[in-house]
Amino acid sequence: MSEAVRFDDVGIVQGGRTILSQVALRIADGAFVGVLGGNGAGKTTLMRAILGLVPVTGRISLFGRPATRGNPLVGYMPQRRAPLAARLSGRTLVAAALDGQRWGIALPSAQASREVDRVLEQVGAQALAARKLDELSGGERQRLLLAQTLLGDPKLLLLDEPLISLDPKRQAEMVALVRDVQQARGIAVLFSAHELNPLLGALDQVLYLGNGQAALGSVDAVITSESLSRLYAAPIEVVRSNGRIFVMSDTRIA
Amino acid sequence: MSEAVRFDDVGIVQGGRTILSQVALRIADGAFVGVLGGNGAGKTTLMRAILGLVPVTGRISLFGRPATRGNPLVGYMPQRRAPLAARLSGRTLVAAALDGQRWGIALPSAQASREVDRVLEQVGAQALAARKLDELSGGERQRLLLAQTLLGDPKLLLLDEPLISLDPKRQAEMVALVRDVQQARGIAVLFSAHELNPLLGALDQVLYLGNGQAALGSVDAVITSESLSRLYAAPIEVVRSNGRIFVMSDTRIA
Amino acid sequence: ARTTASAAIGIVAAENVYGDLAQRLGGQHVRVTSILSNPDQDPHLFEVSPSIARALSGADIVVANGIGYDPWMQGLLAASASPDRSVLVVAALAGRRDGDNPHLWYDPAVIPVYARALSAELARRDPADAAFYAGRLRDTLSAIAPVAQRAAQMRARYAGVPVTATEPVFGEMARAIGLAMRNERFQRAVMNDTEPAASDVAAMETDLRRHRVRLLITNSQASDSAAQRLAEVAARAGVPTVGVTETEPSGRDYTAWMLGELDAVAAALDTKAPAL
Amino acid sequence: MLTGLFSYGFMINAFLAAMAVALVAGPVGYVLVLRQQSFAGHALSHVGFTGATGAVLLGLPPLWGLVAVTLLAGLAMGLLGERVAGRDVAIGLVLAGALGLGLLFLHFFTAYAAQATALLFGNVFGVDRATLLTLAGLGALTLAGLAAIARPLLFASLQPELAEARGVRLRLVSVLFLGLVALATAGCAQIVGVLLVFTLMVGPAATAQRLSPRLGVGVALSAGLALSEAWGGIVCAYATDWPASFWITTLSGAGYLLSFLPGLPGPRRERPPRRPGPGPLPAPSGGSSS
Amino acid sequence: MLTGLFSYGFMINAFLAAMAVALVAGPVGYVLVLRQQSFAGHALSHVGFTGATGAVLLGLPPLWGLVAVTLLAGLAMGLLGERVAGRDVAIGLVLAGALGLGLLFLHFFTAYAAQATALLFGNVFGVDRATLLTLAGLGALTLAGLAAIARPLLFASLQPELAEARGVRLRLVSVLFLGLVALATAGCAQIVGVLLVFTLMVGPAATAQRLSPRLGVGVALSAGLALSEAWGGIVCAYATDWPASFWITTLSGAGYLLSFLPGLPGPRRERPPRRPGPGPLPAPSGGSSS
Ligand SMILES: Nc1ncnc2c1ncn2[C@@H]1O[C@H](COP(=O)(O)OP(=O)(O)OP(=O)(O)O)[C@@H](O)[C@H]1O
Ligand SMILES: Nc1ncnc2c1ncn2[C@@H]1O[C@H](COP(=O)(O)OP(=O)(O)OP(=O)(O)O)[C@@H](O)[C@H]1O
Ligand SMILES: [Mg+2]
Ligand SMILES: [Mg+2]
Ligand SMILES: [Zn+2]
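These figures come from a predicted structure and were not determined experimentally. Residue positions are given per chain, counting from 1 as you read along its sequence in written order. Chains carry letters and ligands carry numbers; both start at the beginning, A for chains and 1 for ligands, and go up in the order they are written. Local features in a predicted model are, by the rule used here, given only for residues with pLDDT of at least 70; side-chain atom pairs are given and counted only at 80 or more, and totals for whole chains, interfaces and linings are based on all residues. To obtain the side-chain values, all non-hydrogen atoms of the structure were included, while hydrogens and water were left out.

As a further point, take the overall build of chain C. Helical segments are the DSSP runs of H or I of at least four residues, strand segments are the runs of E of at least two, and each set is numbered from the N terminus. Scanning chain C from N- to C-terminus turns up 11 helices and 8 strands. Considering only C-alpha atoms, chain C reaches an extent of 70 × 40 × 30 Å along its principal axes. For each residue, the accessible area found with a 1.4 Å probe, counting protein chains only, is set against the maximum for its type, and the residue is called buried under 20%, exposed over 50%, and partly exposed in between. Looking at chain C residue by residue over its 276 residues, the buried ones come to 56%. Considering only contacts in chain C between residues 6 or more positions apart, those separated by 24 or more positions represent 68%. Only the protein chains shown count as cover for residues, and the accessible areas themselves come from Shrake-Rupley with a 1.4 Å probe. A total of about 10600 Å² of accessible surface is found on chain C, and carbon and sulfur atoms cover 51% of it. Within this scheme the basic residues Lys and Arg register as positive and the acidic residues Asp and Glu register as negative, but His and the chain ends are omitted. Every charge is mapped onto a representative atom, which is NZ of Lys, CZ of Arg, CG of Asp or CD of Glu. Considering chain C, the positive charge centre built from 27 side chains and the negative charge centre built from 31 side chains are found 6 Å apart. Note on definitions: a residue-residue contact is assigned when non-hydrogen atoms from the two residues lie within 4.5 Å.

Below, the structure written as structure tokens:
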């Protein structure tokens, strides 16, 4: 089965409003997919639907099985992040997510400790883990959150705007980190962002949302001035130079 | 006096750490200045210093007078925004900032009402003002916050990352809005952002922070691959095409 | 509602002990309402209902205990000022001051003072029936006389005998009998709903264990675990326990209530302490 | 059943006292709820106990001690817990500390303590004219204080960062406000009881904030609801002879729950505006890759 | 002074009771403070009063009513106020409602109510063996319950959005936890008083969270601090003859304040890592424009 995510005629209605309708799409296993769309287009809602947190019509399948809540194959970094308990260590935060959904108490175990070490290492955050959360920079915290998504060997990562409030260097680092993990472990990634440029080099495909619809396309097909301008309903320019793509909205026309 | 902001040998130490040292700069009245710098470079601290909220050594002057707290010539949009009281109307929020620092009670007055109407109109938010804050999108809320900064005819706006979590279209709209207000009223603007592209078309100058230093430069001088790469300590490419500039960090090297 | 009873003198008593005596002294010429038949209601949350406030505002005579036992009475009286109302504060009649034991009705000398004062007040208000009130007063005084007599008898026999109690409810009567009451600080702490000090608990236990007291008096309406524990200590040490009640039990008059408790105390003091 | 509602002096006093309390509790509570400081309001109503016992111990009028210590605790909470994080811990510790001290004072009591503790637990049917005047005076003082700090208080509550930048002294405002809450609580509690003050502060304010997004309307609504719930409670108490506090609490809770009814303004549901839609999306070209 | 500390049965019982309470209050309080729910903890201790009164009215043992109503209120708070915004209003209204109901029960009271009133200040020197057993049983039950929900509880407290996505039922966990708090409070309060339970829940937990960033260490520290403060308070009470609750409150407050001392781990100051600096900035070229 090479399909990570499959939507068959999916519709989502929330608060009496249709967010998405008649969505059909297939995301291949191991693909790095950028999720684009204006504010309120439904990026977060789509991810929450994949997680089984939002009632949908139609069918969403993950790796051939119906999507359900608490699927261990999915790692998730939510967009809206509650203020973190500032005085706890990064390690405590990451460890809390390890089997956090299971009843009972988490007794210290060598195996659990190894698993936490493993994901911390994967994002290069071993040194951060001992420090208190309120001593970490935003970028460092985001790296810990990424580590959490890797617990328990997921086959699909849903990352909702992980670049927010990062500077260009940290944005690039975050994208590179996700890309490395994705390739090393051959997992599929859905990565939403308003900032296309740092992502473009890493993307296999683009999932673009707007006007209640969602469609998948290749980077070359979607990242064009014409299609992006239509997507965001604003003039957006795409420039290709030296094999690189730049996206920029035109501030002079407004 | 054509200087909006002037720093003479300014140093800022917080929590025992030197954030900025020996900063000297002059921002001309009416200039649109982009404030750049990596996470933790001190963008927010610099703005708070201009507002008189942070103890400094040296001297900061605004329009020829020493910077003090509560200067009515300065409008401010903070970066960290406390969760807004969701059930109140946008108009209530904006009106609360009108002379909000003065003791006493704000009795309904035609003059106050006109002033609120004026700033709402300037950002095109008259229609939003009657709605509850929790019914507004992030971009709409940000527009109300911008309206607040315009209360009482400031001559200097400090906008700390007003583009955060906006989609490209809204980013462009926000920049255009600020630019329009700035030009119509001839005021100076300090506008911080991690996202350079939406800003580039609007900027008169760039204030770039890093390594405890701050320096002002023209767009042409600062926005070059070399200087940005040094600023962010990461490979950043700047491409000029059709008289437009594109900035992009290189994700392939990381 | 002022048709049949229009002639009757309205009396509101804060506590039912005083109310019952008032009924006895005034007979058919009075209409009595007692506010607290249960003074141990949480004073924190005690709230007077409108009907009581109504009764109070129409009352001719109001009886209160005073010295902090019914502090809400002041406010209630002030709230419905009435120029022609007399207020009898028993503590004032008996010359007690703040800080004295507020369980005044356990003092056999106080009740006659109250009875005389109330009777005089009734006669003042209703001179036509003065003879009736005088007769009622005589009857009442002789009906309650056995309490003082019994206390005096017991004084002859038990004066100086050391006893203790979990609460100061019985304190005035113990004084009348001449019992040597110990552990008064402990009792005060329990009365005030606060925590007895460790040394007071220790002294209490030592008294019980070493038979330094001949009797433990408890409040039988209160069954908190601390009191239960002391009763157990007493039982183990062979010190007898007598329960008394703070309010007049329904269905008993003052004399029967007091005599019953005095008998129980006497019986307990007469039991021979077992050898340790 | 309701004949004679106004024929008794104590009933008239009860209505007047309830009005004085409601008109203070409504606006003060509005800000309390807006700032999410209900716990502080509740805790302050306990703290008076320490002041009253301490004052009695020193031979001072208990009301002085009550007002003084409540004010002090309000200030302490404001100073300790200005930041929202950890604010509830600051309140909890001030509360525990004050009660512990009260317990110590009680320990030194030689008299029956009802005198001190009764002060905390007022009685709406036992309000006399002099108390009514005190109440009105304290209430006027509190409202005047609230009016004096209204603008910076509201600004600091809605947007602390911005208010600070505009010259509002957050800590001062926070401390002054808690002082006012303390004053209102201390003044009202001894007349109508701790329970009632708290109920009248939180219930109507929360309801008002659900019903109107406008500040002035909300504050007026809060005061109006508090007043009508207080008066309604007194009428119900008169009719049923059940305690007024119970009725007022019930009405206040019912009012809040009613504000969730669908027909009313302000349902929880978010109604984001449908933005002018973009044109049709480009047809997917490329399908699934890799 | 301290001779004979263990020569009285009541002292031994006091130490044991304090231990049972502290070992429950420490861990439960740790989560309570982590979730910023001190107000809920405090409110639940009031609510027990209503339950006790109601049970007595129905002729049931007060402890049953206490536990039942407190559990119910914990559930109501959990259900009403799962979202942080408005949570304090939900607690406040449940609290007010429960107290109002308690007042109504009292109104119908004919029997003795002291069992319900003595709640605020318990009596740690008056614990008998049977009570000790009840206390130990309730404590064990609470700790077992806490252990049973520990993992999802912690996860939901730290990262609710993520926990929900991973299949944790937030509302269920929240309600179960408040039920446990209710159980702990109800069990302990009637033996050692509301004040003590609250103090031992909030003080040591807040101190522990300042002292260690690690969860296991923090919970152990919280329990250890609670135990040593409780025992220390009893010893001080024995030595000075002042109330134990006063001493325990004082020690708990002092412990928290001491944790702010500079030498200790976890000063408030933020120490962001100095990132490897970029090279020297390009020299400003262009000066001030326009
Ligand atoms: N529980 C809900 N009830 C009603 N409407 C909702 C609910 N949750 C989300 N919505 C609406 O659904 C739409 C899609 O929201 P969503 O958060 O998925 O957008 P998004 O693409 O993630 O936006 P952003 O870029 O701002 O994060 C929005 O209009 C939002 O207001
Ligand atoms: N009160 C404080 N005490 C100690 N250090 C502080 C304080 N406030 C800020 N800092 C530190 O000062 C540095 C500059 O912070 P500042 O918030 O100004 O950076 P910034 O450029 O705005 O970053 P960002 O892009 O993340 O918003 C950071 O290292 C920050 O941790
Ligand atoms: Mg989103
Ligand atoms: Mg910043
Ligand atoms: Zn309380």
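In this text, near means that some heavy atom of the residue lies within 4 Å of the molecule or strand in question. In the neighbourhood of ligand 1, 17 residues make up the surrounding shell, with R17(A), G40(A), K43(A), T44(A) and T45(A) lying closest. Neighbouring residues of ligand 1 are distributed over chains A and D. One of the backbone nitrogen or oxygen atoms of G40(A) is found 2.9 Å away from an oxygen atom of ligand 1. One of the backbone N or O atoms of A41(A) is found 3.3 Å from an oxygen atom in ligand 1. Here ligand 1, which alone exposes 640 Å², has 76% of that area covered by the protein. At the level of elements, β2 (17-28) and α1 (43-50) of chain A are the ones that each hand at least two residues to the shell around ligand 1. Under this definition, polar contacts are N or O atom pairs within 3.5 Å; protein pairs additionally need one hydrogen-donor-capable and one acceptor-capable atom, and for neighbouring residues in sequence, both atoms have to be side-chain atoms.

With that settled, consider the nonpolar core. In terms of nonpolar packing, the biggest core is built from 362 residues, with L190(A), I223(A), L228(A), L190(B), I223(B) and F125(E) touching the most fellow members. Ranked by the residues each element gives to this core, the list is headed by helix α1 (residues 9-34) of chain E, at 17 residues. With residues up to four places along the chain from it excluded, the contact list for L190(A) reads I27(A), V33(A), V35(A), L46(A), M47(A), I50(A), L156(A), L157(A), L158(A), L159(A) and L207(A). With 54 residues, the next largest nonpolar core counts Y69(C), I111(C), V161(C) and V163(C) among its residues. Among buried residues, the Ala, Val, Leu, Ile, Met, Phe, Trp, Tyr and Cys ones that are joined through side-chain atoms within 4.5 Å form a nonpolar core.

Let us now look at the packing of aromatic side chains. Classification of ring pairs rests on two measures: the distance between centres of Phe, Tyr or Trp rings, Trp counted by its six-membered ring, which must be within 6.5 Å, and the angle between planes, read as stacked under 30 degrees, edge-to-face over 60 and tilted in between. Inspection of the entire model under this criterion finds 28 aromatic pairs over all chains. Both rings, one in W242(D) and one in W247(D), keep their centres 5.9 Å apart while their planes meet at 15°; by these two values the pair is stacked. Here Y256(D) and F260(D) contribute two aromatic rings whose centre-to-centre distance is 5.3 Å and whose plane-to-plane angle is 85°, an arrangement assigned as edge-to-face. Assessed through its relative accessible area of 14%, Y256(D) is described here as buried. Of the residues examined, F260(D) reaches a relative accessible area of 42% and is grouped as partly exposed. Here a set of aromatic residues connected by ring pairs shows up, and it is made of Y18(C), Y69(C), W105(C) and Y114(C). Positioned above the aromatic ring of Y238(D) is the side chain of R54(C), whose terminal nitrogen or guanidinium carbon lies 4.6 Å from the ring centre. Our definition puts a charge over a ring when NZ of Lys or CZ of Arg is within 6 Å of the ring centre and also within 35 degrees of the ring normal. It is R210(D) that lies over the ring of F260(D); its NZ or CZ is 3.8 Å from the centre.

Turning our attention to helix α11 (residues 254-270) of chain C. In an α-helix, one full turn covers 3.6 residues, which means residues spaced three or four apart are oriented alike. All names here are of chain C. With 17 residues, α11 should cover 24 Å at 1.5 Å per step; its first-to-last C-alpha distance of 24 Å lies within 8% of that length. Three or more residues of α11 are buried, namely Y254, T255, W257, M258, E261, L262, V265, A266, A268 and L269. On the buried face of α11, the contacting elements are α1 (16-26), α5 (110-125), α6 (130-158), β5 (162-165), α7 (171-177) and β8 (241-244). Given the number of residues in a helix, its expected span is that number minus one, multiplied by 1.5 Å.

The next thing to look at is helix α11 (residues 244-258) of chain D. A rise of 1.5 Å per residue sets the reference length of α11(D), with its 15 residues, at 21 Å; its end C-alpha atoms lie 21 Å apart and thus fit the reference within 8%. Of all the residues in α11(D), the buried ones are A244(D), S245(D), F246(D), W247(D), I248(D), T249(D), S252(D), G255(D) and Y256(D).

We now examine the site of ligand 2. Inspection of the region around ligand 2 gives 16 residues, with R17(B), G40(B), K43(B), T44(B) and T45(B) positioned closest. In this structure, ligand 2 is bordered by residues of chains B and E. Between A41(B) and ligand 2, the recorded distance is 3.3 Å, taken from a backbone N or O atom to an oxygen atom. With respect to ligand 2, the side chain of T44(B) contributes an N or O atom lying 2.7 Å from an oxygen atom. If ligand 2 stood free it would expose 640 Å²; the protein chains cover 76% of that surface.

Note on donors: an N, O or S atom is included if it sits within 2.8 Å of the metal, or within 3.2 Å for Na, K and Ca, and water is never included, so sites can look incomplete. Bound to the magnesium ion (ligand 3) are the protein donor atoms T44(A) (OG1) and Q79(A) (OE1), situated 1.9 to 2.0 Å from the metal. Residue T44(A) is located in helix α1, and its partner Q79(A) is located in the loop between β6 (74-77) and α2 (90-96); the two are separated by 35 residues in the primary sequence.

So, about the interface of chain D and chain B. Contact with chain D, which involves 39 residues of that partner, is made by 39 residues of chain B. Two parts placed together each lose some accessible area; with a 1.4 Å probe, that loss summed over both constitutes the buried area. Taking both partners together, chain D and chain B bury about 3400 Å²; carbon and sulfur atoms supply 54% of that area. Put simply, a salt bridge is a Lys or Arg side-chain nitrogen that is within 4 Å of an Asp or Glu carboxyl oxygen. Residue E164(D) is joined to R48(B) by a salt bridge in which the shortest nitrogen-to-oxygen separation is 4.0 Å. On inspection of chain D and its partner chain B, the count reaches 14 residue pairs in polar contact (both at pLDDT 80 or more). When residues of the side of chain D that touches chain B are assigned to their parent elements, the largest contribution, 9 residues, is made by helix α6 (residues 129-158) of chain D. Tallied by class, the residues present in the side of chain D that touches chain B amount to 23 nonpolar, 5 polar and 11 charged. Classes in brief: Ala, Val, Leu, Ile, Met, Phe, Trp, Tyr, Cys and Pro nonpolar; Asp, Glu, Lys and Arg charged; the others, Gly included, polar.

Where a strand is regular, its side chains alternate between the two sheet faces. All names here are of chain A. Side chains V74 and Y76 project from β6 onto one buried face, and the interleaved G75 and M77 project onto a second face that is buried too. By the bridge criterion, 4 bridges tie β6 to strand β7 (residues 156-160) in an arrangement that is parallel. When the bridges of β7 are listed, Y76 appears paired with L158. At least two bridges found by DSSP between two strands is the condition for calling them paired.

Residues and elements named next belong to chain B. A sheet is described by the order of its strands in space; here 6 strands give the open sequence β6-β7-β8-β3-β9-β10, paired in mixed fashion. The sheet is open, and its two edges are formed by β6 (74-77) and β10 (213-218), each paired on a single side. Here the strands of the sheet are splayed against their neighbours by 15° on average, with no regard to which way each runs. When strand β7 (residues 156-160) meets strand β8 (residues 188-192), the two strands line up parallel, connected through 5 bridges. Note that in β8 the partner of L157 across the bridge is V189. All axes are obtained by fitting lines to C-alpha atoms, using only the stretch in contact for helices, and the reported angles, taken between N-to-C directions, cover 0 to 180 degrees. Across the face of the sheet, helix α4 (residues 138-149) comes into contact with β6 and β7 while running at roughly 160° to β6.

Residues and elements named next belong to chain D. Confidence of the predictor at the level of single residues is captured by pLDDT, which takes values from 0 to 100. Overall, the prediction assigns chain D a mean pLDDT of 82, with 82% of residues at 70 or greater. Summarising per-element confidence for chain D, the mean pLDDT is lowest in helix α5 (residues 114-118) (59) and highest in helix α10 (residues 215-240) (94). The low-confidence segment residues 266-280, where pLDDT is below 50, has 34 contacts with residues more than four positions distant or belonging to other chains. Interface confidence for the predicted complex, expressed as ipTM, amounts to 0.87; the pTM equals 0.88.

To continue, consider the packing of helix α4 (residues 138-149) of chain A against helix α5 (residues 168-185) of chain A. Residues and elements named next belong to chain A. It is at 11 Å that the axes of α4 and α5 come closest, and there the two elements cross at 10°. With respect to α5, the axis of α4 lies roughly parallel. Relative to α5, α4 is oriented so that their crossing is right-handed. Residues G139, Q142, R143 and L146 of α4 lie in contact with α5, whose contacting residues are R170, E173, M174, L177 and V178. Should an angle lie under 35 degrees it is considered roughly parallel, over 145 roughly antiparallel, and from 65 to 115 roughly perpendicular; all remaining angles are considered oblique. Each crossing gets its handedness from the near helix: less than a right angle anticlockwise from the far helix is left-handed, clockwise is right-handed.

Let us now look at the environment of G124(A). All names here are of chain A. Positionally, G124 belongs in the loop between α3 (110-122) and α4. In this structure G124 comes out as partly exposed when scored by relative accessible area, which is 39%. For the pair G124 and A184, spaced 60 residues apart in sequence, the C-alpha separation works out to 14 Å.

With respect to the element layout, Q159(D) can be found in the loop between α6 and α7 (160-165). Taking the C-alpha atoms as reference points, Q159(D) and V94(D), 65 residues apart in sequence, are found 26 Å from one another. In terms of polar contacts, Q159(D) uses its side chain to reach the side chain of Q148(B), at 2.5 Å.

Moving on: the interface of chain E and chain A. Much of the literature gives interface size as the accessible area that the parts lose upon coming together. Taken residue by residue, the interface counts 39 residues in chain E and 39 residues in chain A. Here chain E and chain A share an interface that buries about 3400 Å² over both sides, 54% of which is from carbon and sulfur atoms. By the criterion of area lost to chain A, the three top residues of chain E are R151(E), R166(E) and P213(E), representing 23% of everything that side buries. Connecting chain E to chain A are 13 residue pairs in polar contact (both at pLDDT 80 or more). Among the secondary structure elements, those contributing two or more residues to the side of chain E that touches chain A are α1, α6 (129-158), α7 (160-165), α8 (170-192) and α9 (194-211) of chain E.

The residue N211(A) is not glycine, and still its phi comes out positive at about 60°. Relative to the helices and strands, N211(A) is located in the loop between β9 (205-210) and β10 (213-218). Positive phi is not limited to glycine here, since H211(C) has a value of about 60°. With respect to the helices and strands, H211(C) occurs in the loop between α9 (198-209) and β7 (216-219). Owing to a relative accessible area of 23%, H211(C) belongs among the partly exposed residues under this scheme.

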